[in-house]
Amino acid sequence: EVHLVESGGGLVQEGGSLKLSCAASGFSFSDSFMHWVRQAPGKGLEWVGRIKSRGERYATAYVEPVKGRFTISRDDSKNTAYLQMYSLKTEDTAVYYCTRQLTGSAGFDSWGQGTLVTVSS
Amino acid sequence: QSALTQPASVSGSPGQSITISCTGTSSDVGGYNYVSWYQQYPGKAPKLIIYDVINRPSGVSNRFSGSKSGNTASLTISGLQAEDEADFYCSSFTSSSTWVFGVGTKLTVL
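Residues numbered from 1 in each chain as written. Chains lettered and ligands numbered in written order. Predicted model: local features only at pLDDT ≥ 70, side-chain atom pairs only at ≥ 80, totals over all residues. Heavy atoms only, no water.

**Q** I tried to follow the overall build of chain A on my own but got confused; where do I start?
**A** A tally of helices and strands in chain A yields zero helices and eleven strands. Sequence-ordered secondary structure for chain A, helices as α and strands as β, is β-β-β-β-β-β-β-β-β-β-β. Its C-alpha atoms give chain A a radius of gyration of 14 Å, within 12% of the compact-globule value 14 Å for 121 residues. Summarising its shape, the C-alpha atoms of chain A cover approximately 40 × 25 × 25 Å along the three principal directions. Across the 121 residues of chain A, 51% fall into the buried class. By sequence separation, contacts in chain A at least 24 residues apart represent 52% of the contacts at least 6 residues apart. Considering chain A, the positive charge centre built from 13 side chains and the negative charge centre built from 12 side chains are found 5 Å apart. (Helix = DSSP H or I, 4+ residues; strand = E, 2+ residues; numbered from the N terminus. Rg over C-alpha atoms; globule rule 2.2 N^0.38 Å. Buried < 20%, exposed > 50% of the residue type's maximum accessible area, 1.4 Å probe, protein only. Contact = heavy atoms within 4.5 Å. Lys, Arg positive; Asp, Glu negative; His and termini not counted. Charge placed at Lys NZ, Arg CZ, Asp CG, Glu CD.)

**Q** What am I meant to see in the overall build of chain B here?
**A** Looking only at helices and strands, one finds zero helices and nine strands in chain B. For a compact globule of 110 residues, the expected C-alpha radius of gyration is about 13 Å, and chain B comes in at 13 Å, within 12% of that figure. The burial tally for chain B puts 46% of its 110 residues in the buried class. Contacts spanning at least 24 positions in sequence make up 56% of the contacts within chain B whose residues lie at least 6 apart. Only carbon and sulfur atoms are counted for the fraction: they give 46% of the accessible area of chain B, which is about 4,800 Å². Each charge sign in chain B was given a centre, from 6 positive and 6 negative side chains, and these centres are 4 Å apart. (Areas by Shrake-Rupley, 256 points an atom, 1.4 Å probe, with all protein chains shown as cover.)

**Q** Before we go on, may I ask you to explain the pattern of salt bridges in this structure?
**A** Pairing between side chains becomes possible if they bear opposite charge and their charged atoms approach one another. Under the counting rule described, the total for this entry stands at seven salt bridges over all chains. Two residues, Glu46 of chain A and Arg38 of chain A, come together in a salt bridge whose shortest N-O distance is 2.7 Å. Of the residues examined, Glu46 of chain A reaches a relative accessible area of 27% and is grouped as partly exposed. Accessibility expressed as a relative area gives 5% for Arg38 of chain A, which makes it buried. For the salt bridge of Asp84 of chain B with Arg63 of chain B, the shortest nitrogen-to-oxygen distance reads 2.8 Å. Taken together, the positions of Asp84 of chain B in the loop between strand E6 (72-77) and strand E7 (86-93) and Arg63 of chain B in the loop between strand E4 (47-50) and strand E5 (64-69) put the pair 21 residues apart, joining distant regions of the chain. Classification of Asp84 of chain B by relative accessible area gives buried; the value is 2%. Within the structure, one salt-bridge network assembled from shared partners comprises Arg38, Glu46, Arg69 and Asp92 of chain A. (Salt bridge = Lys/Arg side-chain N within 4 Å of Asp/Glu carboxyl O.)

**Q** Help me understand the side chain of Asp52 of chain B, please; the structure alone is not making it clear to me.
**A** Following the sequence through the fold, Asp52 of chain B ends up in the loop between E4 and E5. Buried and without a salt bridge, Asp52 of chain B has Lys68 of chain B as its closest oppositely charged side chain, separated by 10 Å. Apart from residues lying up to four places away in sequence, Asp52 of chain B is in contact with Gly104, Ser105 and Ala106 of chain A together with Asn33, Tyr34, Val35 and Ser36 of chain B.

**Q** Looking at this structure, I do not really get the interface of chain B and chain A. What am I missing?
**A** When the parts come together, some accessible area is lost, and that loss is often what is quoted as the size of the interface. Of the residues lining the interface, 17 residues belong to chain B; the matching set on chain A comes to 22 residues. Between chain B and chain A, a total of about 1,500 Å² is buried, with carbon and sulfur atoms accounting for 66% of that surface. Per-residue buried area on chain B facing chain A is highest for Pro46, Trp99 and Phe101 of chain B; these three make up 42% of the total on that side. The tally of links from chain B across to chain A stands at zero salt bridges. On the surface where chain B and chain A come into contact, there are six residue pairs in polar contact (both at pLDDT 80 or more). Breaking the side of chain B that touches chain A down by element, the ones donating at least two residues are strand E3 (35-40), E7 and strand E8 (99-101) of chain B. At three residues, E3 of chain B tops the list of elements feeding residues into the side of chain B that touches chain A. A breakdown of the residues in the side of chain B that touches chain A according to their chemical character gives eleven nonpolar, four polar and two charged. (Buried area = accessible area lost by both parts, 1.4 Å probe. Polar contact = N/O pair within 3.5 Å; in protein donor to acceptor, adjacent residues only side chain to side chain. Nonpolar A, V, L, I, M, F, W, Y, C, P; charged D, E, K, R; others polar.)

This is the structure in structure tokens:
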């Protein structure tokens, strides 16, 4: 069974940094493209970014508002993906979900439970 | 990249069918057959119910179906049930090799 568990969320001051982790199990993590999606309180889903597999040179992509501030990485030996967030803004306050891209498709077929990041002013 | 347009809310009675639209541009919805739909209950993670416009993951009810015409994708739920009441989001791959979600639609089962 596919399992994704996010951790690392919490309260941080504006301008601060935080690193989220996504521990994966139950599938071939190293072959999978992993994404981060966030949801501000009471708001809709927003795609944050993606990291491809080693075969695709770990290519990353990000949504415009986080470019230059967020970095996605992965450690295939630990079956873990990361979201490093710098220069946090109050508008980054959200539940952050880790999700797996369905192979050969653009859908996200497995999601973690999410971890809440709160940025205070 | 602007969020895809969805109606804020839709409603229907048990047994009826409803359709939720998702409108984008030729750079996302219209340009690729990579539209997905997600169902989300309050406080829970989203669940994939349709991918690549028309495909259902294993275990998803065949009451859910997807389609696309031009820059607009649609999700149809037939034989509406009380348990279908949730928020629904569409998503599309884009020409920038990024993804964009719709604003979300709240489904109420009357």
